[in-house]
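Given next are the chains, with one letter for each unit.
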Amino acid sequence: MNAITTLLEKAKQFHGDICPGIATGTRMTIAAMRELGMNPLEKNQNLIVYVEIDRCATDAIQAITGCSLGHRTLKVLNFGKFAATFVDTQNGKAVRVSQLPKKEDQPTDMNELRDMILNAPEEQIIRIQEVSVQIPPEDMPGFPSRSVTCSKCKEQIMDGRDIQKGELILCKSCSGEAYYSSL
Ligand SMILES: [Zn+2]
Ligand SMILES: [Zn+2]
């Protein structure tokens, strides 16, 4: 089996199928890791990936790299783009890969589209940029840099996500940023 087949199989096991997004995410991962001098067939301890979408491609990136939210090695900044930045935390090198704009004549059938993405020359489907990323210390893997208790709800807030309001230390929910409302 060649490398891409092995990687697609890993992504399929995690995601359920090999859809066009998985194909794109797999090719993005291959391109970015190559640029960083990393082997996508091996787990790399120094890799942190910022993904810009919560769709299929992200599952391919997670499945192949082993980067995950729980390990703090996968960061989701939802800009709604099929794009991701791969950072080597050892040397600070970072590469952003993104899907090039759709072609007008691209297949509408999902299987044909997937096959097109898998077989096209890389420069026709993926844009590669060398970039610089400053990862805040509180976002790095490892022990929490800060852990405090919310003055209002008494829940624990880690990693500097608390908000200081006068004398009070508040969680985001209590400071008015809640995404839910109590019933
Ligand atoms: Zn999918
Ligand atoms: Zn609170």
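Residues numbered from 1 in each chain as written. Chains lettered and ligands numbered in written order. Predicted model: local features only at pLDDT ≥ 70, side-chain atom pairs only at ≥ 80, totals over all residues. Heavy atoms only, no water.

An unreviewed UniProt entry lists the chain under the name Formylmethanofuran dehydrogenase, with Methanospirillum stamsii as the source organism.

## Notes on the domain arrangement of the chain
How big an interface is tends to be stated in terms of accessible area lost as the parts join. For clarity, the threshold we go by: Domains are outlined according to an automatic or database domain assignment.
Splitting the chain by domain gives domain 1 (3-136) and domain 2 (143-177). Each of domain 1 and domain 2 was reduced to a C-alpha centroid, and the two centroids are 34 Å apart.

## As for the coordination of the zinc ion (ligand 1)
The line we're drawing: The rule for donors is simple: N, O or S, within 2.8 Å of the metal, or within 3.2 Å if the metal is Na, K or Ca. Water isn't counted, so a site may look like it is missing partners. In this scheme, a residue with accessible area under 20% of its type's maximum is buried, one over 50% is exposed, and one in between is partly exposed, where area comes from a 1.4 Å probe on protein chains only.
For the zinc ion (ligand 1), the full set of protein donor atoms is His15 (NE2), Cys19 (SG) and Cys56 (SG), at a range of 2.1 to 2.3 Å. What makes Cys56 partly exposed here is its relative accessible area of 26%.

## Things to note about the pattern of salt bridges
As a working rule, side chains carrying opposite charge can pair if their charged atoms are close by. The test is simple: Salt bridge, as used here, is a side-chain nitrogen of Lys or Arg placed within 4 Å of a carboxyl oxygen of Asp or Glu.
This model, assessed by the stated rule, comprises 7 salt bridges. A salt bridge links Arg114 to Asp115, with the shortest nitrogen-to-oxygen separation between them at 3.2 Å. Looking at Asp115, the relative accessible area reads 33%, which means it is partly exposed. Within this structure, Arg34, Glu35 and Glu122 form a network of salt bridges that share partners.

## Here's the deal with the side chain of Lys75
This is how it is decided: In this description a helix means any DSSP run of H or I spanning at least four residues, a strand means any run of E spanning at least two, and both kinds are numbered starting from the N terminus. Positive charges come from Lys and Arg alone, negative charges from Asp and Glu alone, with His and the N- and C-terminal ends not counted. Pairing of N or O atoms within 3.5 Å defines a polar contact, subject to two protein rules: one partner must be a possible hydrogen donor and the other a possible acceptor, and residues neighboring in sequence count only if both atoms are side-chain atoms. In what follows, residue pairs with any heavy atoms lying within 4.5 Å of each other are defined as contacts.
Locating Lys75 in the fold gives a position in strand β2 (residues 74-76). For the buried Lys75, no salt bridge exists, and the shortest N-O distance to an oppositely charged side chain is 5.3 Å, to Asp139. Here Asp139 takes part through its backbone oxygen, which lies 2.5 Å from a polar atom of the side chain of Lys75. If sequence neighbours within four positions are ignored, Lys75 has contacts with Ile48, Val49, Tyr50, Val51 and Asp139.

## As for the coordination of the zinc ion (ligand 2)
Which entries qualify depends on this criterion: All geometry calls rest on donor angles, where a four-donor set with angles between 85 and 135 degrees is tetrahedral, four- and six-donor sets with opposite donors more than 155 degrees apart and all others between 65 and 115 are square planar and octahedral, and all else is irregular.
All of the protein donors around the zinc ion (ligand 2) are Cys150 (SG), Cys153 (SG), Cys171 (SG) and Cys174 (SG); their distances to the metal are 2.3 to 2.4 Å. Around the zinc ion (ligand 2) sit 4 donor atoms, and with donor-metal-donor angles ranging over 100 to 115° the site reads as tetrahedral. Each donor residue of the zinc ion (ligand 2) lies on one chain, and together they are spaced C-x2-C-x17-C-x2-C. With Cys153 in the loop between β6 (147-149) and β7 (156-158) and Cys171 in the loop between β9 (168-170) and α6 (173-177), this pair connects stretches of sequence that are 18 residues apart. Residue Cys171 is classed as buried on the basis of its relative accessible area, which comes to 11%.

## Points about the environment of Thr65
Here Thr65 is to be found in helix α3 (residues 56-65). C-alpha of Thr65 to C-alpha of Lys10: the two residues are 55 residues apart in sequence and 9.9 Å apart in space. Aside from chain neighbours lying at most four places away, what touches Thr65 is Thr29, Met33, Lys43, Leu47 and Phe86. There is a polar contact of 2.6 Å between the side chain of Thr65 and the backbone oxygen of Ile61. Within the structure, the side chain of Thr65 is placed 3.0 Å from the backbone nitrogen of Cys67, a separation counted as a polar contact.

## A look at the packing of helix α2 (residues 20-35) against α3
Which entries qualify depends on this criterion: Angles shown run from 0 to 180 degrees and are taken between the N-to-C directions of axes, each axis being a line fitted to C-alpha atoms and, for helices, limited to the stretch in contact. In these notes the angle categories are as follows: under 35 degrees is roughly parallel, over 145 is roughly antiparallel, 65 to 115 is roughly perpendicular, and the rest is oblique. Crossing handedness: left-handed means the near helix sits turned counterclockwise from the far one by under a right angle, and right-handed means the same turn made clockwise. Gly is placed with the polar residues, together with every amino acid not listed as nonpolar (Ala, Val, Leu, Ile, Met, Phe, Trp, Tyr, Cys and Pro) or charged (Asp, Glu, Lys and Arg).
It is the contact of α2 with α3, at a shortest axis distance of 7 Å, that shows an interaxial angle of 50°. Here α2 lies oblique to α3, going by the angle between them. In this structure, α2 meets α3 at a crossing whose hand is right-handed. Every residue of α3 that contacts α2 at Gly21, Ile22, Gly25, Thr26, Met28, Thr29 and Met33 is listed here: Cys56, Ala57, Asp59, Ala60, Ile61, Ile64 and Thr65. Here the residues of the contact of α2 with α3 are counted per class, giving 8 nonpolar, 5 polar and 1 charged.

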